[in-house]
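The chain contents come next:
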Amino acid sequence: MLPLSDGQLMLANIWTRLKQFYCGMFCRYTKADKAFAGSYLNIQEMALFNQLPGFEKKHSVVVARKMLEAIHGKHEFDERKMAKLGLLHDIGKVLEHNSIFTKSVLVIMRFFFPGLYDRLADGGENHPIFKRFYIHKHHGEVGARLLEKIGETSEILSIIAKHDPRHNPFGPETPIEQKILNEADSTY
Ligand SMILES: [Fe+2]
Ligand SMILES: [Fe+2]
């Protein structure tokens, strides 16, 4: 398959974002989704997971399900670990306190004004207003710090901390689980 051009990548990105917005508005986190999450997460993980807004919980369940589809029949993978990575990869967003609308504003800003977005995010860790920019950009590391407190393994912490290839581009040492997570995450 030929590599995609910059224009095609941009269109694919816009299409993914539109789908995310649509789902944020209309896809519901169901009882079946809750049962799915509960079958892979322990009590402490579930307590954190439940603090995510509904649209983020739905996103995480869909990502986890896609990851399980991707490893179906491949016995070298640990199903529980993969589901956990999918369910917890955006857990840092529990501190973001965004609605689907404020999240959309951040995504649009990152797309059209990346320099301003980066400046507000990187300098916003302790700022009362721009802290949500910091958490939005660094939610992987923020999530890993939360998960460390409840005893998650260093492997899970490392993958979640670096799950956004915009900030941590893949290299030869990138674990395959991280690539599978990114693939599932970037298509929903
Ligand atoms: Fe993420
Ligand atoms: Fe995600």
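For the structure itself, consult the block above.
Notes on the structure follow. (Residues numbered from 1 in each chain as written. Chains lettered and ligands numbered in written order. Predicted model: local features only at pLDDT ≥ 70, side-chain atom pairs only at ≥ 80, totals over all residues.)

A few points about the nonpolar core
- Ranked by size, the top nonpolar core spans 23 residues in total, and within it Met67, Leu85, Leu87 and Ile160 carry the most contacts.
- Of all the secondary structure elements, the ones that give two or more residues to this core are helix H2 (31-40), helix H4 (54-70), helix H5 (79-88), helix H9 (139-149), helix H10 (154-161) and helix H11 (176-185).
- No other element matches the five residues that H5 contributes to this core.
- Among all residues touching Leu87, those that are not within four sequence positions of it are Ala37, Tyr40, Leu41, Phe49, Ser60, Val61 and Ala64.
- Core analysis: the next-biggest nonpolar cluster, separate from the first, contains six residues, Leu120, Phe133, Tyr134 and Ile135 among them. (Core = buried A, V, L, I, M, F, W, Y, C linked by C-beta atoms within 7 Å. Buried ≥ 20, exposed ≤ 12 C-beta atoms within 10 Å, placed from the backbone. Helix = DSSP H or I, 4+ residues; strand = E, 2+ residues; numbered from the N terminus. Contact = placed C-beta atoms within 7 Å.)

Section: unusual backbone geometry
- Positive phi is not limited to glycine here, since His97 has a value of about 55°.
- Take His97: it is sitting in the loop between H5 and helix H6 (100-112).
- The class for His97 is exposed, based on 12 C-beta atoms found within 10 Å.

Considering H11
- Buried within H11 are the following residues: Ile180, Leu181, Ala184 and Asp185. All buried residues of H11 fall inside an arc of 130° around its axis, so they share one side.
- Packing partners of the buried residues in H11 comprise H4, H5 and H10. (Arc of directions from axis to C-beta.)

Structural notes on the environment of Ser104
- You can see Ser104 is positioned in helix H6.
- Overall, Ser104 belongs to the partly exposed group, with 16 C-beta atoms counted inside 10 Å.

Points about the packing of H9 against H10
- Look at H9 against H10: their axes get within 7 Å of each other, and the N-to-C directions meet at 160°. By the angle between their axes, H9 is roughly antiparallel relative to H10. When you trace H9 past H10, the crossing you get is right-handed. Residue-level contacts link Gly140, Glu141, Gly143, Ala144, Leu147 and Glu148 of H9 to Ile156, Leu157, Ile160 and Ala161 of H10.
- In terms of residue class, the contact of H9 with H10 is made up of six nonpolar, two polar and two charged. (Axes fitted to C-alpha atoms, helices over the stretch in contact; angles between N-to-C directions. Parallel < 35°, antiparallel > 145°, perpendicular 65-115°, else oblique. Left-handed = near helix turned anticlockwise from the far one by under 90°. Nonpolar A, V, L, I, M, F, W, Y, C, P; charged D, E, K, R; others polar.)

Thoughts on the environment of Tyr22
- Summarising the element assignment, Tyr22 is placed in helix H1 (residues 6-26).
- As for Tyr22 and Gly38, which are separated by 16 residues in sequence, their C-alpha atoms are 25 Å apart.

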